[in-house]
Amino acid sequence: MLDVKAGDDASFDFLLVKYRSPLVNFLYRMVRDRAMAEDLAQDVFLRVYLARKAYVPSAKFTTWLFRIAANVALNSVRDNRHQKMQVLLGAPVADEQDPAPRDLPAREMRIDEHLLERDRVEFIQRAIASLPEKQRAAVLLHKYEEMDYAEIAKVLDCTEAALKSLLFRAYESLREQLAPLVNPPAPQRARERRPS
Amino acid sequence: MKCEKLSKEWIAYMDGKLGAADRGEVEEHLASCAACRARAEEFRGVWRVMDELSEIEPSFGFDARVRQRVAAEPRRNRFAWFVAQSRLALAVVLLIALTVWVAKRPNSNSTPPTRPGATAASEQDFNAIKNLGVLENYDVVTKMDALSELVPTPKQHPSLQTESND
């Protein structure tokens, strides 16, 4: 990054090639939209380039990079949530006398559907996406980027103690949500053991 | 160690980042608490399940789009401050010139300015006229009765004479 700061464009290309994949994956798991994740990753690289003159190597480059990425992702998630809320607020009010039938299946039904379809990946992605955005970012940086606590705390601008508490709450939620995959029901376990 | 206290140590314990003393304390608790043992097993299961997520690859044109966006950014010129200063200086000069021009602009209500050369010529003419010999005795000349006799009196019209007779 110091070479980029000195005006070496080839070094920027090196950073781009090295970090594009982890960055796009982090952002994809944050926003669950591939096109948006790529757009956001481009924003991150552009910000890195524009801020190159002000870069001070006080922390690891990845910490700085993911701090920018986390801010971009959190802003995007919040903006999208705000837009969705506006759409919902602007939607016509349903007739209270004749409410529309709720077609959401029970949680067990949805889980069963997922297990039957073996769409475990989608189920895991949804479980992660259901976490509050800061918990989600903490889990993704901890589990997939394998950052240490000090780095993640810097990225998310919190203390290490606060981060450990954040991670514990996040994994507790995931433990409950992913229980059907972690401890599958007995008939399914029998099916899985059966040779195909 | 109690179950609540363990909640603060869970993640570091699972990561294998606890010190020897703390780790021994946690393991001692797990040996005696079936619920926490089960929980530890579930945490490990969650991490195993999360490993099933595969990674995605950035699309083919990703690098090109980043480079394109970087290239589209205006490059900062080392002499940008100088260009800005020059523009400011030019603006100041133009403002001063405008002020001077407005101040020197002829006012329509005031008398037209006289040229220095024209003033001198007028004074010369005035002195020449003042010294003319004829004009020295202008009053005397205009009151000379003898001159009036030289001028013939106009004859009256016959019609007017008749009317006067009536």
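Computed from a predicted model, the values in this text were never measured in an experiment.

Draft legend 1. Quick look at the overall build of chain A. Summing up its helical and strand segments, chain A has 11 helices and zero strands in all. Reading chain A from its N terminus to its C terminus gives the helix and strand order α-α-α-α-α-α-α-α-α-α-α. For chain A, with 196 residues in total, the buried portion stands at 30%. The contacts in chain A between residues at least 6 apart in sequence include a share of 63% that link residues at least 24 apart.

Draft legend 2. Inspection of the overall build of chain B at higher detail. Across its full length, chain B carries 11 helices and zero strands. Reading chain B from its N end, one meets helices and strands in the order α-α-α-α-α-α-α-α-α-α-α. The proportion of buried residues among the 166 residues of chain B is 4%.

Draft legend 3. Structural detail: the nonpolar core. Residues and elements named next belong to chain A. The biggest cluster of nonpolar side chains holds 50 residues, and the ones touching the most others in it are L27, A69, A73 and A138. Broken down by element, this core gets its largest block of residues, 10 residues, from helix α2 (residues 9–31). Taken domain by domain, this core gets at least three of its residues from each of domain 1 (1–89) and domain 2 (106–184). Sequence-distant contacts of L27, defined by excluding residues within four places in its chain, comprise A37, L40, A41, A69 and A73.

Draft legend 4. Geometry of the packing of α2 of chain A against helix α3 (residues 34–50) of chain A. All names here are of chain A. Interaxial distance between α2 and α3 falls to 8 Å at its minimum, and their mutual angle equals 140°. Here α2 lies oblique to α3, going by the angle between them. The hand of the α2/α3 crossing is right-handed. Contacts from F12, L16, R20, L23, V24, L27, Y28 and V31 in α2 reach R34, M36, A37, E38, L40, A41, V44, F45 and Y49 in α3. Residues belonging to the contact of α2 with α3 are distributed by class as follows: 14 nonpolar, no polar and three charged.

Draft legend 5. Geometry of unusual backbone geometry. Residues and elements named next belong to chain A. With a phi angle near 55°, E146 is a residue other than glycine that sits in the positive phi range. On the secondary structure map, E146 appears in the loop between α7 (133–143) and α8 (149–155). With a phi close to 55°, D157 is a non-glycine residue in the positive phi region. Relative to the helices and strands, D157 resides in the loop between α8 and α9 (160–177).

Draft legend 6. The arrangement of the interface of chain B and chain A in detail. Facing 26 residues of chain B, the contacting portion of chain A comprises 27 residues. Secondary structure elements with two or more residues in the side of chain B that touches chain A: α2 (10–15), α4 (34–50) and α5 (62–72) of chain B. Per-element tally for the side of chain B that touches chain A: the top contributor is α4 of chain B, with seven residues. Residues belonging to the side of chain B that touches chain A are distributed by class as follows: 14 nonpolar, three polar and nine charged.

Draft legend 7. Main features of the confidence of the model for chain B. All names here are of chain B. In the predicted model, chain B carries a mean pLDDT of 76, and the fraction of residues at 70 or more is 62%. Model confidence for chain B, summarised as mean pLDDT per element, is weakest for helix α11 (residues 158–165) at 48 and strongest for α4 at 91. Here residues 160–166 is modelled with pLDDT under 50, and outside its nearest four sequence neighbours on either side it reaches one contact, counting other chains as well. Both scores are available for the predicted complex, with the pTM at 0.63 and the ipTM at 0.73.

Draft legend 8. Spotlight on α9 of chain A. The end-to-end C-alpha distance of α9 of chain A, which contains 18 residues, comes to 25 Å, matching closely the 26 Å that a straight helix rising 1.5 Å per residue would cover. When α9 of chain A is considered as a whole, its buried residues turn out to be L163, K164, L166, L167, A170, Y171, L174 and Q177 of chain A. Buried residues along α9 of chain A cover an arc of 160° about the axis, so they all sit on one side. Pointing more than 90 degrees away from the buried face of α9 of chain A are the exposed residues A161 and E176 of chain A. Against the buried residues of α9 of chain A lie α6 (120–129), α7 and α8 of chain A together with α2 and α4 of chain B.

Draft legend 9. A look at the packing of α2 of chain A against α7 of chain A. Residue and element names in this part refer to chain A. Close contact between α2 and α7 brings their axes to 10 Å; oriented N to C, the two are set at 145°. The handedness of the crossing between α2 and α7 is right-handed. For the pair formed by α2 and α7, the contact residues are F26, R29 and M30 on the first element and R136, A137 and L140 on the second.

Draft legend 10. Just the confidence of the model for chain A, in detail. Residues and elements named next belong to chain A. Mean pLDDT over chain A stands at 79; residues scoring 70 or higher make up 70%. Summarising per-element confidence for chain A, the mean pLDDT is lowest in helix α11 (residues 186–193) (53) and highest in α7 (94). With pLDDT under 50 throughout, residues 93–105 is counted as low confidence; its partners more than four residues away or in other chains account for three contacts.

Draft legend 11. Local environment of the environment of R32 of chain A. All names here are of chain A. Position of R32 among the secondary structure elements: in the loop between α2 and α3. The class for R32 is partly exposed, based on 14 C-beta atoms found within 10 Å. Here the alpha-carbon distance between R32 and R126, two residues 94 residues apart in the chain, equals 8.8 Å. In this structure R32 touches Q125 and A129, once residues within four positions along its chain are discounted.

Draft legend 12. View of the environment of E9 of chain B. All names here are of chain B. With respect to the helices and strands, E9 occurs in the loop between α1 (3–7) and α2. Overall, the presence of 19 C-beta atoms within 10 Å leaves E9 in the partly exposed class. Considering only alpha carbons, one finds E9 and R23, 14 residues apart in sequence, at a separation of 8.9 Å. Those residues in contact with E9 that lie beyond four places of it in its chain are L18, D22 and V26.

Here is what the cut-offs are and how they apply
- Residues numbered from 1 in each chain as written.
- Chains lettered and ligands numbered in written order.
- Predicted model: local features only at pLDDT ≥ 70, side-chain atom pairs only at ≥ 80, totals over all residues.
- Helix = DSSP H or I, 4+ residues; strand = E, 2+ residues; numbered from the N terminus.
- Buried ≥ 20, exposed ≤ 12 C-beta atoms within 10 Å, placed from the backbone.
- Contact = placed C-beta atoms within 7 Å.
- Core = buried A, V, L, I, M, F, W, Y, C linked by C-beta atoms within 7 Å.
- Domains from an automatic or database assignment.
- Axes fitted to C-alpha atoms, helices over the stretch in contact; angles between N-to-C directions.
- Parallel < 35°, antiparallel > 145°, perpendicular 65-115°, else oblique.
- Left-handed = near helix turned anticlockwise from the far one by under 90°.
- Nonpolar A, V, L, I, M, F, W, Y, C, P; charged D, E, K, R; others polar.
- pLDDT = per-residue confidence, 0-100.
- Expected span 1.5 Å × (residues − 1).
- Arc of directions from axis to C-beta.

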